[in-house]
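One letter stands for each residue in the lines below.
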Amino acid sequence: MDHIDSDQRPADPDLRDTRERLIEAISTHGPVTARQLAERFGLTSAAVRRHLAALLADDVIAEHEAPVARRGRGRPSKAFVLSASAHESLPGGYDQLAVLAMEELAREGGTDAVRRLADRRVADWESELEALVADRIAQGERVTVARRVELLAELLTSRGYATTVRPLTVPLPTAGARGRSRPRTLMTAQLCHGHCPVLDVASGHPELCEAETRVISRIVGAPVQRLATLAQGAHACTTHIPLTEGRTP
C-alpha cells in the first residue's frame with residue numbers, strides 16, 4: 001500500500017490504495033487535473049502531484065493539455081489521462097470479439113478461410129527470425145539449428161508466449177556388424193510456451209496452433225511435432241524439435 005503523506009487530509013482507512021483510486025478516477029473522469037483529484041479524494045494538491053509524478057514515470061498516465069474553462073484565451077491547464085499502455089492492460093472484450101469474428105469467418109469462408117488467416121498471423125515469424133540470425137552472424141556468431149531455436153524462443157517471448165527451450169538427449173541404439181548395439185544419441189529440444197496470447201480463439205480453432213507448428217518447422221528446417229497445447233488443456237504448448245544426431249563415444 002502507498003505511504004500516506006503527512007500533508008494528506010484524513011481519509012477513510014477502508015478506501016483502496018491511493019494509487020489505484022487515482023488510476024480509476026483518471027480512467028473514468030479524465031482529462032482531470034491534480035486539483036480536481038485532490039478535491040475528489042480529500043488530499044492536498046502536493047500529495048496528489050507526487051502520486052501523479054510516479055504514475056507518469058511508470059507510463060500509467062499521460063499529460064493532456066486542456067484549455068481553462070473560462071472566457072478569454074486562458075492559460076492551458078495540465079490534466080491527465082490514462083496512457084496507451086495502461087489502456088492495453090485493462091480488461092476488455094477483445095477476446096470475446098475475436099472469438100465471434102473467427103466463428104463468423106468460419107461460417108462465411110469455411111476452414112480454408114480460417115487456415116489462411118492463421119497462416120497470415122504468423123507470416124512474419126520467419127522474416128523476424130532471419131533478421132535476428134543475420135544480426136548474430138554479422139557479429140561473428142555461428143548460428144546452429146539449436147541457436148535458431150533459442151532465438152525463436154526470444155522472439156516469441158517478446159510476443160507474449162513466455163517461451164523456453166528444454167534440450168533433450170534421446171538414446172538410439174542400433175545393431176552393429178556382430179549384432180552388438182552401437183549407441184547413438186539424438187539431440188532434440190522442446191519449445192515450450194507457458195502462455196498463449198490467442199488462447200480463447202485457439203481453443204475453438206486448432207488451425208491457429210497448426211499454423212504455428214508449420215512456421216516453426218520451416219524456421220528449423222526439419223519436421224517438428226506439437227505434443228501438447230494450452231488450448232487442449234495442457235499446462236504449456238510443447239513442440240518437439242529434432243536437432244542433430246551423433247555417436248556416443
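Please read these numbers as outputs of a predicted model, since none were measured by experiment. (Residues numbered from 1 in each chain as written. Predicted model: local features only at pLDDT ≥ 70, side-chain atom pairs only at ≥ 80, totals over all residues. Heavy atoms only, no water.)

Engineer: Go over helix 9 (residues 207-220) with me, naming the residues and quoting the values.
Structural biologist: Think of an α-helix as 3.6 residues a turn; residues three or four steps apart then line up on the same face. For helix 9, which comprises 14 residues, the first-to-last C-alpha distance of 20 Å matches the rise-based estimate of 20 Å (1.5 Å per residue) to within 8%. Where helix 9 terminates, the next one or two residues include Gly221, which has phi positive at roughly 80°. (Helix = DSSP H or I, 4+ residues; strand = E, 2+ residues; numbered from the N terminus. Expected span 1.5 Å × (residues − 1).)

Engineer: Give a detailed account of the environment of Glu154, specifying residues and quantitative values.
Structural biologist: When you line up the elements, Glu154 lands in helix 7 (residues 145-158). For Glu154, a relative accessible area of 42% gives the class partly exposed. Taking the C-alpha atoms as reference, Glu154 lies 9.6 Å from Val165; in sequence the two are 11 residues apart. (Buried < 20%, exposed > 50% of the residue type's maximum accessible area, 1.4 Å probe, protein only.)

Engineer: How would you explain the confidence of the model for the protein if you had to name every residue and give the values?
Structural biologist: Averaged over the protein, the pLDDT score is 82; the fraction of residues at 70 or greater is 79%. Contacts from residues 1-15, a stretch scored under 50 in pLDDT, to residues over four places away or in other chains number 22 contacts. (pLDDT = per-residue confidence, 0-100. Contact = heavy atoms within 4.5 Å.)

Engineer: Outline the pattern of salt bridges, listing residues and values.
Structural biologist: The final tally for this structure, using the stated rule, is 16 salt bridges. For Arg107, the salt bridge goes to Glu104, with nearest N and O atoms at 2.6 Å. Of the two residues, Arg107 and Glu104 are both situated in helix 5 (residues 94-121); the distance of 3 residues between them amounts to about one turn of the helix. The exposure class assigned to Arg107 is exposed, which follows from its relative accessible area of 60%. Relative accessible area serves as the criterion here: at 36%, Glu104 is assigned to the partly exposed category. With a shortest N-O distance of 3.0 Å, Arg115 and Asp112 are connected by a salt bridge. A residue pair is termed a helical-turn pair when its members lie 3 or 4 positions apart in one helix, as Arg115 and Asp112 do in helix 5 at 3 residues. Under the relative-accessibility criterion, Asp112 is labelled partly exposed at 46%. One continuous salt-bridge network, built from bridges that share partners, spans Asp135, Arg136, Glu141, Arg147, Glu150 and Glu154. (Salt bridge = Lys/Arg side-chain N within 4 Å of Asp/Glu carboxyl O.)

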